[in-house]
Amino acid sequence: MSDLETFRAEARTWLEENCPAEMRIPAKGDEDVCWGGRNFVFQSEAQKVWLERCVAKGYTVPDWPKAYGGAGLSPQETKILRQEMAKLGCRSPLNSFGIWMLGPALLKFGTEEQKVHYMGQIARGEIRWCQGYSEPGSGSDLVSMQTFGEDKGDHWVVNGQKIWTSYADKADWIFCLVRTDKANKYHGISFLLFDMETPGVSTKPIKLISGNSPFCETFFDNVVVPKDQVVGEINRGWDVAKYLLGHEREMISGMGGDGGVTSIGAAMKATLAEEPVLRAQMALFDVDNLTFRAHGERFMDEWKTGKAHPAYSNLMKYVGTELNKKRNELVMSIGGSQALEWESERTNGGSKARNWLRTKANSIEGGTSEVMLNVVSKRILEMPGG
Amino acid sequence: MAMTLTDDQNMLRDTARDFMASEAPVTHFRKFRDMGCKDGFSHGLWKQFAELGFTGILIPEADGGMGMGQIEAGIVLEEIGRNLSPSPFLTTAVAAVEALKLADKAMRDRWFPGILAGETVIGIAIEEGVKHRPEKIACVAERSGNGFKLTGQKQFVVQGASSDMLIVAARTAGAAGETDGLTLFAVDKDAAGLSMEAARLVDSAVAAHVNLDGVQVDADAVIGEVDGGWAVLSKMLDAGRVGAAAEMVGVGTGAMDMTFEYLKTRKQFDRVIGEFQALQHRAAHLYGEMEGARSIVLKAQSLMDEGHAKAELYVAAAKAKAGLACNLSVREGVQMHGGIGMTDEYDIGLYMKRDRSLNEFFGDAYYHADRVATMNGY
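Every value quoted in this text rests on a predicted model; they were computed, and no experiment measured them.

Student: Got a minute to help me understand the overall build of chain B in this structure?
Tutor: Tallying secondary structure elements over chain B gives eleven helices and ten strands in all. The C-alpha radius of gyration of chain B comes to 21 Å, within 12% of the 21 Å expected for a compact globule of 378 residues. Viewed in the frame of its principal axes, chain B has a C-alpha envelope of about 80 × 50 × 40 Å. Taking all 378 residues of chain B together, 56% fall into the buried category. Here the analysis covers contacts within chain B between residues at least 6 apart in sequence; of these, 74% occur between residues at least 24 apart.

Here's what the structure looks like:
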């Protein structure tokens, strides 16, 4: 057996022995997801045990180095572990913006001390993070942001407002872009980390068209942030932010369709048989969905071998999010009048309608489709003009 | 397998790219078009293909070929598409070879050497209506003497009138609409009762209407099993489909590159038109569509080469996607070129014509999207 095959067998045995049966049935909704953090209330003993075992094994962040709470797996081993988890239907032990976003930024830009401290906390699910980027006047034009940190020697005093801060009301800490030099647009922003319990921080959830409130407005009123809580160099936070946005786009680009190649058409066969034009739309969607999966696979293979264009994730983000919106439009059309129900038990509280509305943000958050097309056009196609 | 080309495949691509660009660029296509060539391609070029080993890419090593797969054939087809190089490669070296690989040794020995030498051309006589409907084949093969007597009509037989042999699908049992009861035959061009009328197509290729008026063939003209022709036909068609898709990736990419170059040089309102965001967004969207097409075609080729159970689904999706993306590319190409895009002198219109033919060849995007739906269970 090759090393990878041995690893696969070992991973499978470990999962079979350690993943509780309750954690192998699909999560019904967000309430079944483990986000960790100071105030997280476990929904079951199984959820707690599954997290603890994964933490001990380094499997909440399998590809992170062992010194920072990971298992030190290679990309191939990580892929195999995920495949085996999928086969057994294992739930993710821990979801977190710390894992997806802050961790990769710390790994690239953080000091050794920051890596050990913050990445360790993230890996153990102790601290739940949120991201403070957008401001009311700075959406697509993020670099125009105004939240200001006044230099007070060993600390900054931060004043301003962020918006679209995901789960800010539930987060323990924030990674936040703060202007630390008003004279320099790009090189006047720092990437700061601070506790949401610091005096002067407050949040207000925003009710969305889906009826849910996953985002908040976040206010800073004379918030004191020590200088050792900056990631990367002072005034060079834009580099960190850009790196993270690239990472975020890769992540969001994986959301097209249903996360796999399985068609949603088969389950709707009876309806589609009576609706030839809708069936045709579904068929063309399936062509695009299979295409996107193959495209993603090819992109990842080229990315790993350094052959992909550095701006390529912008293209994948555009294609993937537009596809996911199309998919949800089809789900609503196939669902007909029942999919319109907003609160009923038979629709699981209007889940189709709420998901459909949620997906409209896919092509806005993390860079709009229009900005993605700008980036592809200028950086990949090298079209002229500013 | 990884969705990237191997070093050997990259070398083949470089060879094919250099060769087509120097020996069969668009000027070569124009030359044969303008002389009104009855074949629509150069026999000399076909021989050069053979000298480079292209015609034997899919022929097994045991039969004297290179024993490679759809990815390699597709590499050559992409360069053919990019340069609009006219040749019998797709019909003869791809579709016909895939059918003949399932024939007995005598048949393989009869046809492979000529293909390997770049001397033989084979026509694919499947279509009976104006749209691709292989299961609806009605052409009849009755048992007669030592073999069969073929009666019926075929159309859209590309290069049929230039062919040495036609692969004819006919019904030995069952009724139109059934996949059982079909048989494939190798019919010599000189067979009594076989007549053809050549028609020039919009892209200057020449396709034949074929009339089979009681054409007598021996039993050894059967490719594969009597009544079991669907298996051979499917293999041949899928190779032809994924090959046409690869060629469309070449046509679409060639048109796209030409258009992007134009956007970077054409000036209006004192600006290079590529500065206009209205065009930039359409260009970026087109690029995404072509990249997707390239990916699904590569995926379909590799699944075919692996003999994967899902290959048929991916081939259908690839033919559909490549057709839609290539079509978008040529439409945007003509529009973004403006007035000169409408002139015969400019090449972009030639790409539009080629796309139209390739989209129709072996089933269009709608036919294949419908198959995707059926294979996906609805």
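On we go from here.
Student: Explain the overall build of chain A to me, please; I cannot follow it from the model alone.
Tutor: Helices and strands together make up the secondary structure of chain A, namely eleven helices and eight strands. Here the C-alpha radius of gyration of chain A, 22 Å, is about what a compact globule of 386 residues would show, namely 21 Å. Referenced to the eigenvectors of the C-alpha coordinate spread, the extents of chain A come out at roughly 70 × 50 × 45 Å. Residue burial in chain A is summarised as follows: out of 386 residues, 39% are buried. The long-range share in chain A, meaning contacts at least 24 apart out of those at least 6 apart in sequence, stands at 71%.

Student: Explain the interface of chain A and chain B to me, please; I cannot follow it from the model alone.
Tutor: Where interface size is given, it is often the accessible area lost as the parts come together that is meant. Across the contact, 35 residues belong to chain A and 33 residues belong to chain B. Of all the elements in the fold, those that place two or more residues in the side of chain A that touches chain B are helix H7 (269-274), helix H8 (276-304), helix H9 (312-335) and helix H11 (369-380) of chain A. Of all the elements, H8 of chain A adds the most residues to the side of chain A that touches chain B, at 15 residues. Of the residues belonging to the side of chain A that touches chain B, the class tally is 19 nonpolar, eight polar and eight charged.

Student: I tried to follow the domain arrangement of chain B on my own but got confused; where do I start?
Tutor: Residue and element names in this part refer to chain B. Split into domains, chain B comes out as domain 1 (7-121), domain 2 (124-228) and domain 3 (231-375). The centre of domain 1, based on its C-alpha atoms, is set 21 Å off from the matching centre of domain 3. Listed per partner, the contact involves 19 residues of domain 1 and 26 residues of domain 3. At ten residues, the largest contribution of residues to the side of domain 1 that touches domain 3 is made by helix H4 (residues 70-83). Among the residues forming the side of domain 1 that touches domain 3, the class breakdown is eleven nonpolar, four polar and four charged.

Student: In this structure, what is going on with unusual backbone geometry? I would like to understand it.
Tutor: Leaving glycine aside, a negative phi is the common case for residues, and trans is the common case for peptide bonds. Even without being a glycine, Asn235 of chain A presents a positive backbone phi close to 70 degrees. Tracing the chain through its elements places Asn235 of chain A in the loop between strand E8 (230-231) and helix H6 (237-253). Classification of Asn235 of chain A as partly exposed rests on a count of 17 C-beta atoms within 10 Å. Phi is positive for Ser204 of chain B, close to 75 degrees, though the residue is something other than glycine.

Student: How should I be thinking about helix H3 (residues 75-88) of chain A in this particular structure?
Tutor: The periodicity of an α-helix, 3.6 residues per turn, causes residues three or four positions apart to be oriented the same way. All names here are of chain A. Between its terminal C-alpha atoms H3 stretches 20 Å, which fits the 20 Å expected from 14 residues at 1.5 Å a residue. Those residues of H3 that fall on the buried side of the exposure criterion are Ile80, Leu81, Glu84 and Met85. With its buried residues spanning 135 degrees around the axis, H3 presents them on a single face. Set apart from the buried face of H3 by more than 90 degrees, the exposed residues are Pro75, Gln76, Gln83, Ala86 and Lys87. Where H3 is buried, its residues contact helix H1 (3-18). With its phi angle positive at about 75 degrees, Gly89 sits one or two positions after the end of H3.

Student: So what exactly am I meant to see when it comes to the nonpolar core here?
Tutor: One recurring pattern in soluble globular proteins: nonpolar side chains tend to sit buried together. Of all hydrophobic cores here, the largest spans 155 residues; its most connected members are Leu150, Ile167, Phe185, Val187 and Val297 of chain B. It is helix H7 (residues 229-265) of chain B that contributes the most residues to this core, 18 residues altogether. With sequence-adjacent residues up to four places away left out, Phe185 of chain B is seen in contact with Ala141, Phe148, Leu150, Val168, Ala170, Val217, Ala221, Val222 and Ile223 of chain B. Grouped together as the second largest cluster of nonpolar side chains are 62 residues, Ile99, Ala123, Trp173 and Leu193 of chain A included.

Student: Help me understand the packing of helix H8 (residues 277-306) of chain B against helix H9 (residues 311-337) of chain B, please; the structure alone is not making it clear to me.
Tutor: Axis angle and axis distance: for two packed helices, these are the angle between their axes and the distance between the axes, and together they describe the pair. Residues and elements named next belong to chain B. Direction vectors running N to C along H8 and H9 enclose 155 degrees, while the axes themselves pass 8 Å from each other. Considering the angle they form, H8 stands roughly antiparallel to H9. Both H8 and H9 take part in a crossing whose hand is left-handed. Here the residues of the contact of H8 with H9 sort into 19 nonpolar, two polar and five charged.

Student: How should I be thinking about the environment of Leu150 of chain B in this particular structure?
Tutor: Mapped onto the fold, Leu150 of chain B is located in strand E3 (residues 147-158). Setting aside its immediate chain neighbours within four residues, Leu150 of chain B contacts Cys139, Ala141, Val168, Ala170, Phe185, Val187, Leu212, Val215 and Val217 of chain B.

Student: Honestly, the pairing of strand E7 (residues 215-226) of chain A in this entry has me stumped. Any pointers?
Tutor: Along any regular strand the residues' side chains alternate between the sheet's two faces. Residue and element names in this part refer to chain A. Note that strand E3 (residues 155-166) and E7 share nine bridges and pair antiparallel. Looking at E7, one finds that Trp156 is bridged to Val225. Looking at chain direction, strand E6 (residues 201-206) and E7 are connected through six bridges and run antiparallel. Residue pairing across strands places Ile206 opposite Phe215, the latter belonging to E7.

Student: In this structure, what is going on with the packing of H7 of chain B against helix H10 (residues 348-360) of chain B? I would like to understand it.
Tutor: All names here are of chain B. It is the contact of H7 with H10, at a shortest axis distance of 10 Å, that shows an interaxial angle of 160 degrees. The pairing of H7 with H10 is recorded here as roughly antiparallel in orientation. Considering the relative orientation of H7 and H10, their crossing is left-handed. Residue-level inspection shows Ala244, Glu247, Met248, Val251, Gly254, Ala255 and Met258 of H7 in contact with H10, the latter providing Ile348, Tyr351, Arg354, Asp355 and Leu358. Counted by class, the contact of H7 with H10 contains eight nonpolar, one polar and three charged residues.

Student: Sorry, what's going on with the confidence of the model for chain B here?
Tutor: For any part of a model where pLDDT is low, the fine detail of the predicted coordinates should not be relied upon. Across chain B, the average pLDDT comes to 97, with 100% of residues at or above 70. Here the predicted complex carries an ipTM of 0.96, next to a pTM of 0.92.

Student: Could you clarify how one ought to interpret the pairing of E3 of chain A in this entry?
Tutor: Residue and element names in this part refer to chain A. The sheet contact formed by strand E2 (residues 148-151) and E3 spans four bridges and is antiparallel. Each bridged residue has a counterpart across the sheet, and for Gly149 the counterpart in E3 is Val158. Between the end of E2 and the start of E3, which pair antiparallel, lie three residues, with Gly153 showing a positive phi angle near 85 degrees.

Student: Please explain the environment of Ile223 of chain B as it appears in this structure.
Tutor: All names here are of chain B. Turning to its location among the elements, Ile223 is positioned in strand E8 (residues 222-223). As for Ile223 and Ala169, which are separated by 54 residues in sequence, their C-alpha atoms are 9.7 Å apart. In contact with Ile223, not counting residues within four places along its chain, are Ala99, Leu100, Leu102, Ala103, Met107, Ile167, Leu184, Phe185, Ala186 and Val232.

Student: It is not clear to me how H10 of chain B should be interpreted in this structure. Could you clarify?
Tutor: All names here are of chain B. If you check H10, its first and last C-alpha atoms are 19 Å apart, about what 13 residues at 1.5 Å a residue would give, namely 18 Å. When we look at burial in H10, the residues that qualify are Ile348, Leu350, Tyr351, Met352, Arg354, Asp355, Leu358, Asn359 and Glu360. One or two steps after H10, the chain reaches Phe362, where phi turns positive at roughly 60 degrees.

Thresholds applied
- The residue count restarts for each chain, going from 1 along the sequence in the order it is written.
- Chains and ligands are labelled sequentially in the order written, the chains with letters from A and the ligands with numbers from 1.
- The predicted origin of the model limits local features to residues at a pLDDT of at least 70 and limits the giving and counting of side-chain atom pairs to 80 or more, whereas totals for whole chains, interfaces and linings rest on all residues.
- Numbering of helices and strands runs from the N terminus; a helix is a DSSP stretch of H or I covering at least four residues, while a strand is a stretch of E covering at least two.
- Every radius of gyration here is taken over C-alpha atoms, with the globule rule written as 2.2 Å times N^0.38, N being the number of residues.
- Exposure classes come from backbone-placed C-beta atoms, where a residue is buried if 20 or more other C-beta atoms lie within 10 Å of its own, exposed if 12 or fewer do, and partly exposed in between.
- Our contact criterion uses C-beta atoms placed from the backbone: two residues qualify when those atoms are within 7 Å.
- Each residue gets one label: Ala, Val, Leu, Ile, Met, Phe, Trp, Tyr, Cys and Pro are nonpolar, Asp, Glu, Lys and Arg are charged, and the others, such as Gly, are polar.
- Domain segmentation is taken from an automatic or database assignment of domains.
- For a helix, the expected span equals 1.5 Å multiplied by the residue count minus one.
- In this description, one arc is meant: the one made by directions from the helix axis to the C-beta atoms.
- Throughout this description, the term nonpolar core refers to a group of buried Ala, Val, Leu, Ile, Met, Phe, Trp, Tyr and Cys residues whose C-beta atoms join them within 7 Å.
- What counts as an axis is a line fitted to C-alpha atoms, over the stretch in contact for a helix, and the angles between N-to-C directions run from 0 to 180 degrees.
- Roughly parallel covers angles under 35 degrees, roughly antiparallel covers those over 145, roughly perpendicular covers 65 to 115, and oblique covers all other angles.
- By definition, any crossing whose near helix is turned counterclockwise from its far helix by less than a right angle is left-handed, and any crossing with a clockwise turn is right-handed.
- If DSSP finds at least two bridges between two strands, the strands pair.
- By definition, pLDDT measures how confident the predictor is in each residue, and it falls between 0 and 100.

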